[in-house]
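Inside the fold
Each chain is listed here by its residues.
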Amino acid sequence: MRYRRLGKWGVKVSEVGLGSWLTFGGSVDEETSIACIRRAYELGVNFFDTANVYALGRAEEVVGKALAPFPRESYVLATKVFFPMGEGPNDRGLSRKHVFEQCHASLRRLGTDYIDLYQCHRFDPETPLEETCRAMDDLIRQGKILYWGTSEWGAEELSLAHLIAKTEGLHPPVSEQSQYSMLWRKPEQKVMPTARRLGMGILPWSPLAMGVLTGKYRSLREIPPDSRAARPGEAVFMRELLTEENLAKVERLRAVAAEAGLSLSRLALAWCLRRPEVSSVIVGATRPSHVEENVRASGVEITPELEVAIERALTPEPRG
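Residues numbered from 1 in each chain as written. Predicted model: local features only at pLDDT ≥ 70, side-chain atom pairs only at ≥ 80, totals over all residues. Heavy atoms only, no water.

**Observations regarding the pairing of strand β6 (residues 115–120)**
- Extensive coverage of β6 is indicated by the burial of six of its six residues.
- Here strand β5 (residues 76–81) runs beside β6; their pairing, made up of four bridges, is parallel. Bridging across to β6, A78 finds its partner in L117.
- Taken together, β5, helix α3 (residues 96–110) and β6 constitute a β-α-β crossover, and its handedness is right-handed.
- Bridge count for β6 against strand β7 (residues 145–151) is five bridges, and the pairing is parallel. Of the residues in β7, the one forming a bridge with C120 is T150. (Buried < 20%, exposed > 50% of the residue type's maximum accessible area, 1.4 Å probe, protein only. Helix = DSSP H or I, 4+ residues; strand = E, 2+ residues; numbered from the N terminus. Pairing = 2+ DSSP bridges. Right-handed = clockwise from strand over helix to strand, strands pointing away.)

**Regarding the packing of aromatic side chains**
- Taken as a whole, this structure holds seven aromatic pairs when the rule is applied.
- When the centroid spacing of 5.1 Å and the interplanar angle of 85° are considered together, the rings of F123 and W153 count as edge-to-face. Within this pair, whereas F123 is found in the loop between β6 and α4 (129–141), its partner W153 is found in the loop between β7 and α5 (155–168), the two being separated by 30 residues in sequence.
- Here a set of aromatic residues connected by ring pairs shows up, and it is made of F123, W148 and W153.
- Lying over the aromatic face of Y114, R72 brings its terminal NZ or CZ to 4.1 Å of the ring centre.
- One residue, R274, lies across the ring of W271, its end atom 3.9 Å from the ring centre. (Phe/Tyr/Trp six-rings, centres within 6.5 Å; stacked < 30°, edge-to-face > 60°. Lys NZ or Arg CZ within 6 Å of the ring centre and 35° of its normal.)

**Quick notes on unusual backbone geometry**
- Even without being a glycine, S206 presents a positive backbone phi close to 55°.
- Examined against the element boundaries, S206 turns out to sit in the loop between β9 (201–202) and α7 (232–235).
- Since its relative accessible area comes to 13%, S206 is described here as buried.
- Look at M210: it is not a glycine, yet its phi comes out positive at around 55°.
- Turning to its location among the elements, M210 is positioned in the loop between β9 and α7.

**Remarks on helix α2 (residues 58–67)**
- For α2, the tally of buried residues reaches seven of 10 residues, placing the bulk of the element in the interior.
- Among the residues making up α2, those that are buried are A59, E60, V62, V63, G64, A66 and L67.
- Here the buried face of α2 lies against α1 (30–42), β4 (47–49), β5 and α3. (Contact = heavy atoms within 4.5 Å.)

In structure tokens form, the structure reads like this:
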């Protein structure tokens, strides 16, 4: 396993990190979840990402339980705040009240004294950005979190947060967690250049396009019964990814991967890691073998020739 700095900052994270959205504490039983997390740790993964809203706190509990036997200083623990955790008017968003209350709740569920990276799960247009920046800065000064970051924020919002931090003498966000993969490249337009300018690390989530880039889906008419696309509650997140056009791209990528002597998964993860802004790719797992396959992407080089072949495979074929 190789490690990278989180943007320009001193903390180092494994090139492959393990996430827990729609898996741990939810569709994956506790025993298997713990086995996945501990196998990842054994293989050198030191970055573990979760969120308070994943299974309404249950994911944090499972992650905390799985990591409990290991020295706290040996891993980087990340979680998030924003989405509703209750029915009350203050049970959501990035107000000082909600951020503080949820930080303490996450600490209890994770069974730890501090969170390495506390992330704003979305931008909150109803809360002044200065309020959120000051709340995060206060948590850092109190020692409850070490760094703070964002998830799915726009380039303008990231720039403004850094301007407020610089003007007010606050700790700025150090990372942005964006959806990014061969099949979802929107961050390349504005977010990645902004992150590079600000010294922020990019943490791609769903770098395997929710499993589409593993090659498990060969046809929209034949969905594997044990796959995410077969579960209605999870398939809804795949509408823009699981398309005939993307499946055609995957078939072309399959040949590129074979020529390079790589699995599709390793090719897709290494492709994300080719970007200097990327600090770690966050993968999911429903069994330890998935972890074992994905960590092998660390250190894989995407040569200029291979990148050209990938771009050709991703380019839609002309019609007519």
